[in-house]
Amino acid sequence: MNQEPSTDGAALRRYHDPDYEPLCATLADVRANIDRLDRQIVPLLAERGRYVKDAARFKRDAFQVSAPQRQQEVIDKVLALASEHGAYPEVIEACYRAMIAGFIAREQQDFAGMSAIEEKQT
Ligand SMILES: C=C(O[C@@H]1C=C(C(=O)O)C=C[C@H]1O)C(=O)O
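Scoring rules and cut-offs
Residues numbered from 1 in each chain as written. Predicted model: local features only at pLDDT ≥ 70, side-chain atom pairs only at ≥ 80, totals over all residues. Helix = DSSP H or I, 4+ residues; strand = E, 2+ residues; numbered from the N terminus. Buried ≥ 20, exposed ≤ 12 C-beta atoms within 10 Å, placed from the backbone. Contact = placed C-beta atoms within 7 Å. Axes fitted to C-alpha atoms, helices over the stretch in contact; angles between N-to-C directions. Parallel < 35°, antiparallel > 145°, perpendicular 65-115°, else oblique. Left-handed = near helix turned anticlockwise from the far one by under 90°. Nonpolar A, V, L, I, M, F, W, Y, C, P; charged D, E, K, R; others polar.

Q: What's the story with the overall build of the protein in this structure? I'm lost.
A: From N to C terminus, the protein includes 4 helices and 0 strands. The linear arrangement of helices and strands in the protein, starting from the amino end, is α-α-α-α. In terms of principal-axis extent, the alpha carbons of the protein reach across some 70 × 25 × 25 Å. A burial count over the protein gives 2% of its 122 residues as buried. Considering only contacts within the protein whose residues lie at least 6 apart along the sequence, 51% involve residues at least 24 apart.

Spelled out as structure tokens, the structure:
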């Protein structure tokens, strides 16, 4: 029978690593911290999305909206940050690839609803 874990009981397992320092006494405490971080992460993603929207103003076509070279730069940059902060690199890469795909889909929609500004002749 599948059952969700108890949130208020004591730990049921331990890590073999003798240096592992537990963070929380209960799963409820773990989840309260995850919820606290999610409340910080989502507003940051909303702000990131507003900058992605603004980026569309500077582009000529769908290829420029996609900007694959910049995408790779972002992945490389966040993998370096992951290493600096001890984050799981495969999780960070998967999150960012999914996130950028979502942002580009939105940016393509935004782009389609814009009109070009006539360029001044010099
Ligand atoms: C925001 C941009 O547009 C797109 C979105 C990106 C992102 O979410 O980081 C990166 C490159 C582009 O695919 C940009 O060109 O900088």
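Q: Help me out: how do you make sense of the packing of helix 3 (residues 68-85) against helix 4 (residues 89-112) in this one?
A: Each pair of packed helices can be described by the angle between their axes along with the distance between the axes. Running from N to C, helix 3 and helix 4 point in directions that differ by 150°, and their axes come no closer than 9 Å. As far as their axial angle goes, helix 4 and helix 3 are roughly antiparallel. Pair helix 3 / helix 4 crosses with right-handed handedness. Residue-level inspection shows Q71, V74, I75, V78, L79, A82 and S83 of helix 3 in contact with helix 4, the latter providing P89, I92, E93, Y96 and I100. For the contact of helix 3 with helix 4, the class distribution of residues is 9 nonpolar, 2 polar and 1 charged.

Q: Got a minute to help me understand the environment of F63 in this structure?
A: In this fold, F63 is placed in helix 2 (residues 62-66). When the C-alpha positions of F63 and G113 are compared, they lie 16 Å apart, and in sequence the two are 50 residues distant.

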